[in-house]
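Observations on chain architecture
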Amino acid sequence: MRNSKYSAIIIGSGIAGLYSALKIQQGSVLPDGVLLITKSKLGESNSYYAQGGMVAVLKENKNDSVDSHVKDTIKAGAGLSELDTIRFISENSDKVVYDLLNFGVDFDRDENGKFTLTKEAAHSVNRILHSGGDATGREIEIALCRAVKENNKIKLYENTLAVDLLVTKDNSCGGVIIYGENGYEEVEAPVVVLATGGLGQLYKYTTNPVGATGDGFALAYRAGADLQDMEFVQFHPTVLAFDDEKNHNRFLISEAVRGEGAKLCDKNGVEFMAKYHEKLELAPRDIVARANFCEMRDNNVSNVYLNATVIGKEKLLKRFPTIAKKCLESGIDITKDYIPVAPAAHYFMGGVKTNLRGETSLKGLFAIGEVSSTGLHGGNRLASNSLLECVVCAYEVAEFLKNKDLTVNNDFDYDEILTKYEGEIEKNNNTDEIKSELQNIMWENVGIFRNRETLEKALEKIAELKTKFNREYLCATINEYELRNMLITAELVVKSAFNRKESRGAHYRTDYPDTGNVCEHSIINKKTIRRKDFVS
Ligand code: FAD
Ligand code: SIN
């Protein structure tokens, strides 16, 4: 196997991966350089598709304050968000926004050059920056990808997958086995940054692109790291309810459309949110998702509708050009027609447990962005807090690494590593079929509503699929590695959901509909599943 050495390796080219690569390169002495790998083309990520925007508590915004943002985040998080984490991320938002501008990112401004701020569900004031109207992720990604490409000190491998983390004999992470066009390579590095994003592809219906297969959770778990709150999957209430049999990825209709006044209704225009929450369409996301699901189930229909016509044609087209264009391609003129919408898996609140410096329970392994669980989101993420978490935490990892000794510790058991990934294996022709069975199982049994019976059924079915797939180490293709990771991650989600015998935030158990008195994180790792006392 080929072998190389870097001072830091970053896995993933979403906003967390790109920004951390740039900041680490900018801030540290890296004797062996920095490597950024990404499993498809540079920039393909959940980040690219982010629409609504990024929270920023700007000093110039006199209507807003850190206290107000903290309060809204705590309320949405259903008791599980951590106060110190929220405060830290909120306090650092202003600084990071201005730093992003140095890398060519910009946000929409008014005629006086001031940032325009919008509102989304459960925010009490306008505090969300956006770019390109409703294409915030795309605009940030384009700028950061350009900055990475222009930086000749960041080595870049595209179409390259992280297959397994390397764990040293003293139990720290010391590198990664990667697989790409040139086969396998063993990369040694004292700093491994997981920025691999979420797991939406575990579900039949999702807003996430095809690469969101939960690889980072599986890698961290296999290496022995702690994962936290793995039962908390966020379902977005409003995605465009059109799909074809082959492609269930669904286009997001941003919450910002409701933020600007759009109403949920049935096909006759009868609004229903008053039955579910006093904040109507701007209730927390889990509540609106469950409301839409119940309306669909009770009326035996496959979607509800979003009436955006109330916003007015001129504003609609200026604020939501991407959504307007995409809907028109499906024959819907959002200035005149109701938009058919339904819920879909969107974001993952759980993840690899970290502190605010991105450190995990495994020395040398860092996690940032959606793959991490910092304690910010708790049981339900407040809209547009994710991009903020990505950038603040990427910044902090780089700060933490400044002046650290970044020498490689290569005390691995080489023979063991080599034998696992040596040789060749025949392609498994059932991969696509198993993947789609898994997505159905997760959607039906571990979705917006779950209970003991459905979770037991899911566990049983996943075990059957694992046996059918029969891959633990060597796989034949990137697609197979993704399925291996999806099966591992799905099992972690189901086991954690099984273990949490209450309903809280996005985790709703029909057999335990009440929220328990004890509010605690759940932890899962190779050795144990446990619930950790929550300290607020
Ligand atoms: P990602 O952007 O998902 O990047 C992960 C990267 O890792 C990808 O490049 C992927 O290819 C790579 N990767 C994965 N596994 C491997 C592997 N094994 N080896 C190598 N590379 C790998 N949040 C907001 O705050 N505001 C919004 O407006 C918003 N809108 C959204 C709209 C949509 C449609 C979606 C899907 C999400 C939205 N979110 C939004 C959530 C937010 O976009 C994501 O949580 C955030 O962008 C995640 O960034 P990330 O860098 O952690 O991961
Ligand atoms: C949206 O635009 O509705 C998504 C925002 C988010 O996920 O934070």
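Note: the structure precedes this text.
Heads up: these notes are all about the structure in this document. (Residues numbered from 1 in each chain as written. Chains lettered and ligands numbered in written order. Predicted model: local features only at pLDDT ≥ 70, side-chain atom pairs only at ≥ 80, totals over all residues. Heavy atoms only, no water.)

A short note on the overall build of the protein chain
- Counting its secondary structure elements, the protein chain contains 15 helices and 21 strands.
- Computed over the C-alpha atoms, the radius of gyration of the protein chain is 22 Å, within 12% of the 24 Å expected from 2.2 N^0.38 for a compact globule of 536 residues.
- Here the C-alpha coordinates of the protein chain stretch approximately 65 × 55 × 45 Å along the principal axes.
- Within the span of the protein chain, comprising 536 residues, buried residues form 61% of the whole.
- Surface exposure of the protein chain reaches about 21200 Å², of which carbon and sulfur atoms provide 46%.
- Charge separation in the protein chain, taken as the distance between the mean sites of 67 positive and 77 negative side-chain charges, equals 2 Å. (Helix = DSSP H or I, 4+ residues; strand = E, 2+ residues; numbered from the N terminus. Rg over C-alpha atoms; globule rule 2.2 N^0.38 Å. Buried < 20%, exposed > 50% of the residue type's maximum accessible area, 1.4 Å probe, protein only. Areas by Shrake-Rupley, 256 points an atom, 1.4 Å probe, with all protein chains shown as cover. Lys, Arg positive; Asp, Glu negative; His and termini not counted. Charge placed at Lys NZ, Arg CZ, Asp CG, Glu CD.)

Some thoughts on the sheet that holds strand β4 (residues 54-55)
- Reading across the sheet, the 3 strands line up as β4-β6-β5 and stay open at both edges, with antiparallel pairing between neighbours. The sheet terminates laterally at β4 and β5 (117-118), the two strands that pair on one side only.
- Where β4 meets strand β6 (residues 128-129), 2 bridges bridge the pair, whose relative direction is antiparallel. Looking at the pairing, V55 lines up with I128 of β6. (Pairing = 2+ DSSP bridges.)

Details of the packing of aromatic side chains
- Counted by the stated rule, this structure contains 18 aromatic pairs.
- Look at F217 and F348: their rings are 5.1 Å apart centre to centre, the planes differ by 80 degrees, and that puts the pair in the edge-to-face class. Placement of the pair is F217 in helix α6 (residues 215-223) and F348 in strand β16 (residues 339-348), with a sequence separation of 131 residues. Accessibility classification places F217 together with F348 in one group, the buried group.
- Ring centres of Y305 and Y338 lie 6.4 Å apart, and the angle between their planes is 55 degrees; on these two criteria the pair is classed as tilted. With Y305 in strand β15 (residues 304-307) and Y338 in the loop between α10 (321-329) and β16, this pair connects stretches of sequence that are 33 residues apart.
- By the ring-pair criterion, three or more aromatic residues cluster together here, those being Y179, Y184, Y421, Y473 and Y481. (Phe/Tyr/Trp six-rings, centres within 6.5 Å; stacked < 30°, edge-to-face > 60°.)

Observations concerning the sheet that holds strand β18 (residues 365-367)
- An order of β7-β3-β2-β11-β18 is seen for the 5 strands of this open sheet, with the pairing classed as parallel. Lying at the two open borders of the sheet, with one neighbouring strand each, are β7 (154-157) and β18. Shown here is a sheet whose adjacent strand axes are inclined to one another by a mean of 20 degrees, direction ignored.
- Bridge count between strand β3 (residues 34-37) and β7: 4 bridges; the pairing is parallel. (Axes fitted to C-alpha atoms, helices over the stretch in contact; angles between N-to-C directions.)

What to know about the environment of C519
- Tracing the backbone shows C519 in the loop between α15 (478-499) and β20 (521-524).
- The class for C519 is buried, based on a relative accessible area of 18%.
- Taking the C-alpha atoms as reference, C519 lies 29 Å from E460; in sequence the two are 59 residues apart.

Some points on the site of ligand 1
- Around ligand 1, the surrounding shell holds 37 residues, and the nearest of these are E44, S47, G53, E370 and S386.
- With respect to ligand 1, the backbone of I15 contributes an N or O atom lying 3.3 Å from an oxygen atom.
- Residue R381 places a side-chain N or O atom 3.5 Å away from a nitrogen atom belonging to ligand 1.
- When ligand 1 is considered free in solution it has 1000 Å² of accessible area, and contact with the protein chains removes 97% of it.
- Going through the elements one at a time, α1 (15-27), β8 (161-167), β16 and α11 (385-401) are the ones with two or more residues in the shell around ligand 1.
- Residues of the shell around ligand 1, tallied by class, amount to 12 nonpolar, 20 polar and 5 charged. (Near = heavy atom within 4 Å. Polar contact = N/O pair within 3.5 Å; in protein donor to acceptor, adjacent residues only side chain to side chain. Nonpolar A, V, L, I, M, F, W, Y, C, P; charged D, E, K, R; others polar.)

Focus: α10
- Turning to α10, its buried residues number three or more, namely I323, A324 and C327. End-on view of α10: buried residues confined to an arc of 100 degrees, all on one side of the axis. Seen from the open side of α10, the exposed residues pointing more than 90 degrees away from its buried face are K325 and E329.
- Against β13 (233-240), α7 (255-259), α9 (313-319) and β16 lie the buried residues of α10.
- Just beyond α10, the residue with positive phi is G331, at close to 85 degrees. (Arc of directions from axis to C-beta. Contact = heavy atoms within 4.5 Å.)

Quick notes on a nonpolar patch on the surface
- Where nonpolar side chains cluster on the molecular surface, the patch consists of Y48, Y49 and I142 and spans about 250 Å² of accessible area.
- Assignment of secondary structure puts Y48 in the loop between β3 and β4.
- Residue classification places Y48 among the partly exposed residues on the basis of a relative accessible area of 30%. (Patch = residues over 30% accessible without salt bridge, like charges linked within 9 Å, V, L, I, M, F, W, Y side chains within 5 Å. Salt bridge = Lys/Arg side-chain N within 4 Å of Asp/Glu carboxyl O.)

Here we look at the packing of helix α13 (residues 431-445) against helix α14 (residues 452-469)
- Taken N-terminus to C-terminus, the directions of α13 and α14 make an angle of 170 degrees; their axes are 10 Å apart at the nearest point. Viewed along their axes, α13 and α14 adopt a mutual orientation that is roughly antiparallel. Counting all contacts with α13, which are made through T431, E433, I434, E437, L438, I441, M442 and N445, the residues of α14 involved are T454, L455, K457, A458, K461, I462, L465, K468 and F469. (Parallel < 35°, antiparallel > 145°, perpendicular 65-115°, else oblique.)

Quick word on α13
- In this model, α13 (15 residues) spans 21 Å end to end at C-alpha, consistent with the 21 Å of a helix rising 1.5 Å per residue.
- Looking at α13, one finds that the buried residues are T431, I434, K435, L438, Q439, I441, M442, W443 and N445.
- Tucked into the core, α13 has its buried residues touching β13, β16, α14 and α15. (Expected span 1.5 Å × (residues − 1).)

Examining unusual backbone geometry
- Of note in the backbone geometry, D229 takes a positive phi value of approximately 55 degrees without being a glycine.
- D229 gets classed as buried once you look at its relative accessible area, which sits at 2%.
- The backbone of N403 shows a phi angle near 65 degrees, a positive value even though the residue is not glycine.
- Relative to the elements of secondary structure, N403 occurs in the loop between α11 and α12 (414-420).

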